[in-house]
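A look at the structure
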Amino acid sequence: MTGMFATSVIGIALLAAGLGKLRDIEGHSRVVVGYKILPDAVAARVGRVLPFLEIVLGAACLGRVGLPAVAWSVVALFCVYAAGLAVNLLRGRTELDCGCFAFGEHDAPRIGWWHVARALAFAAGAVACLYLPGPSSLPEVATGFVLAVLAVALAFGAAAVSSTLTLGRSRVDDYLQPARDELSRRYSASP
């Protein structure tokens, strides 16, 4: 069951990322170009292909089809992601859209070392898939898959909640601060 859980988590994550990017494939292409790792023309093509690659690899992980080749492909993909992120962080370019799960949203996360660590964790998880025992029965398949769905849902939920909170203040407070200041000025100026 542990092997099914691991491949399912990686598969679901890849499917979620790939399907999310299909909403605006040209926008994702611009994100990849923005990383300035490849020549612009090549990066634009890569940006258009990546969502489909993620979907294919994610589906293959879920089905445990061609597992050794798929797992090593996932390792390579996430190591490339980690390298691209790290290069730009070392350049001081943190303002980039990470191009991952929240791609294209107004509040898309800007890159940080957390993104590098997450990509490397997914790569390590793909390596683990090669060594963890696979399911031996249908109930093990179902249990591993359901636990993976719950784990991914919990991770996305936690990320959504943490993205709206900061220590002591929510981002909506930052948004409303100019209006609060204006009201304070009006009330202090009125007789």
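Data block above holds the structure.
Residues numbered from 1 in each chain as written. Predicted model: local features only at pLDDT ≥ 70, side-chain atom pairs only at ≥ 80, totals over all residues. Heavy atoms only, no water.

**As for the overall build of the chain**
A count of helices and strands for the chain gives seven helices and two strands. Moving toward the C terminus, one meets the helices and strands of the chain in the order α-α-α-α-α-α-β-β-α. Looking at the chain as a whole, 36% of its 191 residues qualify as buried. Expressed as a percentage of contacts within the chain between residues at least 6 apart in sequence, the contacts between residues at least 24 apart total 69%. Just so you have it, the chain exposes about 10,800 Å², and 71% of that area is on carbon and sulfur atoms. (Helix = DSSP H or I, 4+ residues; strand = E, 2+ residues; numbered from the N terminus. Buried < 20%, exposed > 50% of the residue type's maximum accessible area, 1.4 Å probe, protein only. Contact = heavy atoms within 4.5 Å. Areas by Shrake-Rupley, 256 points an atom, 1.4 Å probe, with all protein chains shown as cover.)

**Describing the environment of glycine 58**
Counting through the fold element by element, glycine 58 comes out in helix H3 (residues 40-63). With 49 residues separating them in the primary sequence, glycine 58 and valine 9 have C-alpha atoms 9.2 Å apart. With residues near it in sequence (within four places) discarded, glycine 58 still touches Gly11, Leu14 and Leu15.

**Quick word on unusual backbone geometry**
Of note, lysine 36 is a non-glycine position whose phi angle comes to about 55 degrees, a positive value. For lysine 36, the position within the fold is in the loop between helix H2 (25-34) and H3. A relative accessible area of 42% means that lysine 36 is categorised as partly exposed.

**Side note on the packing of helix H4 (residues 67-90) against helix H5 (residues 113-131)**
One way to put it is that H4 packs onto H5 with a least axis distance of 8 Å and a crossing angle of 165 degrees. In terms of their interaxial angle, H4 and H5 are classed as roughly antiparallel. At the point where H4 passes H5, the crossing takes the left-handed sense. For the contact of H4 with H5, the class distribution of residues is 24 nonpolar, one polar and no charged. (Axes fitted to C-alpha atoms, helices over the stretch in contact; angles between N-to-C directions. Parallel < 35°, antiparallel > 145°, perpendicular 65-115°, else oblique. Left-handed = near helix turned anticlockwise from the far one by under 90°. Nonpolar A, V, L, I, M, F, W, Y, C, P; charged D, E, K, R; others polar.)

**Considering the state of the cysteines**
A covalent bond bridging the sulfur atoms of two cysteines is what the word disulfide describes. Counting across every chain of the model gives one disulfide. The disulfide that involves cysteine 98 links it to cysteine 100, with 2.2 Å between the sulfurs. Here the S-S torsion is close to -80 degrees, and the disulfide linking cysteine 98 with cysteine 100 is therefore left-handed. Here cysteine 98 matches cysteine 100 in class, with each residue buried. (Disulfide = S-S within 2.5 Å.)

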